[in-house]
Amino acid sequence: MSRLSEFREAQHRKNKLKKIQRRLKGGRYQVALALLEDCLLSNVDDWEAFQRYLITCRQTASLPRAVDFLANLTGKIGESNPYPTNYLAAAYYLQGDMDAARSLWEGLVQRFCHFAPGFANLGALYFDLATLQFQVAVALDPENSISAYNNLAEIKIAQGAYQEAISYLKQGLTYSCPGQVETLYANLGHCYLVLGYKDKAV
């Protein structure tokens, strides 16, 4: 493709995205979704269109539409491009179907071992799944789930949610016994230090 052709194609895409944005601002969501689907059918590498499409579907309670469209698009593309599968998994994730999302992302990173977004999304899903399991543990038997409280706190620390981490650590400390407190206090001190509470971190 010549540079002139590339320039014209880029301008066409830019104008189309502007048109879509106008439809979104005007509340014409179904028209915008149809235009975004048209964009994706013509260019499956357009990650920006994928993101806008999925966000709009979520905002308009149209995730079932997203699943159907992206599943059909994935079927047409096959295994030649990771983007349709990546966003199909994301649509399932937003619907709360963790099993379907996990299956798709795990298969995706096996086929496309250099596709960073797939690994990032799968990692985020594992965080969520781990959080759910640890929450079940502390709900069933809080007195014998000290490590679960600490693990929940470490997940929140990794996500930058230090106040939530502090809450889990304090809960764990109410049940902990000698020999179990060191890690809890170490993480608690780290949270206080990051938040600027140096007097509590000591």
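Reading the values: rules and limits
Residues numbered from 1 in each chain as written. Predicted model: local features only at pLDDT ≥ 70, side-chain atom pairs only at ≥ 80, totals over all residues. Heavy atoms only, no water. Axes fitted to C-alpha atoms, helices over the stretch in contact; angles between N-to-C directions. Helix = DSSP H or I, 4+ residues; strand = E, 2+ residues; numbered from the N terminus. Parallel < 35°, antiparallel > 145°, perpendicular 65-115°, else oblique. Left-handed = near helix turned anticlockwise from the far one by under 90°. Contact = heavy atoms within 4.5 Å. Nonpolar A, V, L, I, M, F, W, Y, C, P; charged D, E, K, R; others polar.

Colleague: For the packing of helix α4 (residues 63-77) against helix α5 (residues 83-95), give the residues involved together with the corresponding values.
Modeller: At a closest axis distance of 9 Å, the pairing of α4 and α5 adopts a crossing angle of 155°. In this view, α4 runs roughly antiparallel relative to α5, as classed from their interaxial angle. Pair α4 / α5 crosses with left-handed handedness. Contact residues: Leu 63, Pro 64, Ala 66, Val 67, Leu 70, Ala 71, Leu 73, Thr 74 and Ile 77 in α4; Pro 84, Thr 85, Tyr 87, Leu 88, Ala 91, Tyr 92, Leu 94 and Gln 95 in α5. Looking at side-chain class alone, the contact of α4 with α5 contains 14 nonpolar, 3 polar and no charged residues.

Colleague: Explain the packing of helix α6 (residues 98-111) against helix α7 (residues 116-140) to me, using residue names and the numbers behind them.
Modeller: When two helices pack together, their arrangement is given by the angle between the helix axes and by the axis-to-axis distance. With their axes 9 Å apart at the nearest point, α6 and α7 run at an angle of 145° to one another. Judged by the twist between their axes, the crossing of α6 over α7 is left-handed. Residues Met 98, Ala 101, Arg 102, Trp 105, Glu 106, Leu 108 and Val 109 of α6 touch α7, and the partners they reach there are Gly 118, Phe 119, Asn 121, Leu 122, Leu 125, Tyr 126, Asp 128 and Leu 129. Here the contact of α6 with α7 is composed, by residue class, of 10 nonpolar, 2 polar and 3 charged.

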